[in-house]
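What the coordinates show
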Amino acid sequence: MNSPRTARLRSAAAALTACLAIVAPPAALAGAQPAAPTVVLVHGAFADPSSWAAVADQLAAQGIPVRTFDNPLRSVAGDAAALTAFLDGIDGPIVLVGHSYGGAVISNVHDPDVKANVFTPAVAADLYAHQRTAALQANLEPSGPPSWAHTPSWYLVSTRDRVIPPALQRMMADRAAPGRTGDVDASHVSPVSRPDRVTAVIRDAVAATS
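Right, let's walk through the structure included here. What you are looking at is a predicted structure, and each value in this text was computed from that prediction instead of being measured.

**Some points on the overall build of the protein**
Of regular secondary structure, the protein possesses ten helices and six strands. The 210 residues of the protein split such that 38% are buried.

**Looking at the nonpolar core**
Val40, Leu83, Leu87, Ile94 and Leu96 are the most contacted members of the largest nonpolar core, which totals 21 residues. When residues in this core are grouped by element, the largest group, four residues, is from helix α4 (residues 76–87). Those residues in contact with Ile94 that lie beyond four places of it in its chain are Pro37, Thr38, Val40, Leu87, Asp113, Val114, Lys115 and Ala116.

**So, a nonpolar patch on the surface**
A cluster of nonpolar side chains, namely Leu168, Met171 and Met172, defines an oily patch on the protein surface of about 250 Å² accessible area. Note that Leu168 resides in helix α8 (residues 166–176). The partly exposed category is assigned to Leu168, whose relative accessible area is 36%.

**Focus: the packing of helix α3 (residues 53–61) against helix α10 (residues 195–209)**
Packing of α3 against α10 brings their axes to within 9 Å, and their N-to-C directions diverge by 50°. What the angle tells us is that α3 and α10 run oblique. For the pair α3 and α10, the crossing hand works out as right-handed. Packed against α3, whose contacting residues are Ala54, Val55, Gln58 and Leu59, the element α10 presents Pro195, Asp196, Val198, Thr199, Ile202 and Arg203 at the interface. Its residues placed into classes, the contact of α3 with α10 shows six nonpolar, two polar and two charged.

**As for the packing of aromatic side chains**
Tallied over the entire structure, the rule returns two aromatic pairs. Here the aromatic rings of Phe69 and Phe86 are separated by 5.4 Å at their centres, their planes lie at 55°, and the arrangement is tilted. Linking Phe69 in strand β2 (residues 66–69) with Phe86 in helix α4, this pair joins segments that are 17 residues apart in sequence. When its relative accessible area of 5% is taken as the criterion, Phe69 is described as buried. Given the relative accessible area of 23%, Phe86 is considered partly exposed. Where Phe119 meets Tyr155, the ring centres are 6.1 Å apart and the plane angle is 25°; that geometry is what we call stacked. Accessibility expressed as a relative area gives 7% for Phe119, which makes it buried. For Tyr155, a relative accessible area of 8% gives the class buried.

**Details of the pattern of salt bridges**
By the definition in use, this model includes three salt bridges. Note that Arg170 and Asp183 form a salt bridge whose closest N and O atoms lie 3.0 Å from each other. One end of the pair, Arg170, is in helix α8; the other, Asp183, is in strand β6 (residues 181–184), with 13 residues separating them in the sequence. The exposure class of Arg170 is partly exposed, given its relative accessible area of 34%. Residue class for Asp183 comes out partly exposed when judged on its relative accessible area of 36%.

**Quick word on α10**
The terminal C-alpha atoms of α10, which comprises 15 residues, lie 21 Å apart, in line with the 21 Å expected from a rise of 1.5 Å per residue. Every buried residue of α10 is accounted for by Pro195, Val198, Thr199, Val201, Ile202, Ala205 and Val206. Relative to the axis of α10, the buried residues are bounded by an arc of 160° and lie together on one face. The exposed set on the far side of α10, more than 90 degrees from its buried face, consists of Ala207 and Ala208. Buried-residue contacts for α10 involve β1 (38–42), α3, β3 (94–99), β4 (114–120), β5 (153–158) and α9 (190–193).

What counts as what
Residues numbered from 1 in each chain as written. Predicted model: local features only at pLDDT ≥ 70, side-chain atom pairs only at ≥ 80, totals over all residues. Heavy atoms only, no water. Helix = DSSP H or I, 4+ residues; strand = E, 2+ residues; numbered from the N terminus. Buried < 20%, exposed > 50% of the residue type's maximum accessible area, 1.4 Å probe, protein only. Core = buried A, V, L, I, M, F, W, Y, C linked by side-chain atoms within 4.5 Å. Contact = heavy atoms within 4.5 Å. Patch = residues over 30% accessible without salt bridge, like charges linked within 9 Å, V, L, I, M, F, W, Y side chains within 5 Å. Areas by Shrake-Rupley, 256 points an atom, 1.4 Å probe, with all protein chains shown as cover. Salt bridge = Lys/Arg side-chain N within 4 Å of Asp/Glu carboxyl O. Axes fitted to C-alpha atoms, helices over the stretch in contact; angles between N-to-C directions. Parallel < 35°, antiparallel > 145°, perpendicular 65-115°, else oblique. Left-handed = near helix turned anticlockwise from the far one by under 90°. Nonpolar A, V, L, I, M, F, W, Y, C, P; charged D, E, K, R; others polar. Phe/Tyr/Trp six-rings, centres within 6.5 Å; stacked < 30°, edge-to-face > 60°. Expected span 1.5 Å × (residues − 1). Arc of directions from axis to C-beta.

In structure tokens, the structure reads:
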């Protein structure tokens, strides 16, 4: 038969266990792994989020959280501010992915939750149907201090790009992503024509920050 003292001790232990369950969920008590980064895809000029459809589908199929940002295409500073506000609604670490002009936008985001940057350079008819006008200011405005100066970055050079010459891309990659530069046999719209290769580079960035 239990003594009153033993009964009181058991009651206190039960109460303490209940409190711990409220303060710290079971996963946290068991040493749960940190949350996987959310990948945020940022499209370039004359495009909209649909240009990321294939890449977004591949990432989601592999269990990687992914969001697409509807880039306003008004100015580098203004678009970066809009992206920063968008990121405020995402919990946990983030991997930013920018295509073409979208790369300039993510370079101007200085959010501590962004742990890595990835720069990349429906088919033609689908792109034509979804293309959007970019403000002249968006392509003329100088960039501010680049985030890649303090954030690990990856760069995928499109070797058949006729918009941004591959040699120019390599020069930028040498500055922004030394040692983390890859090639893809693709035109300027690599996220559309080679989503598998783009997804692989994004996965590298996710793995390095997980």
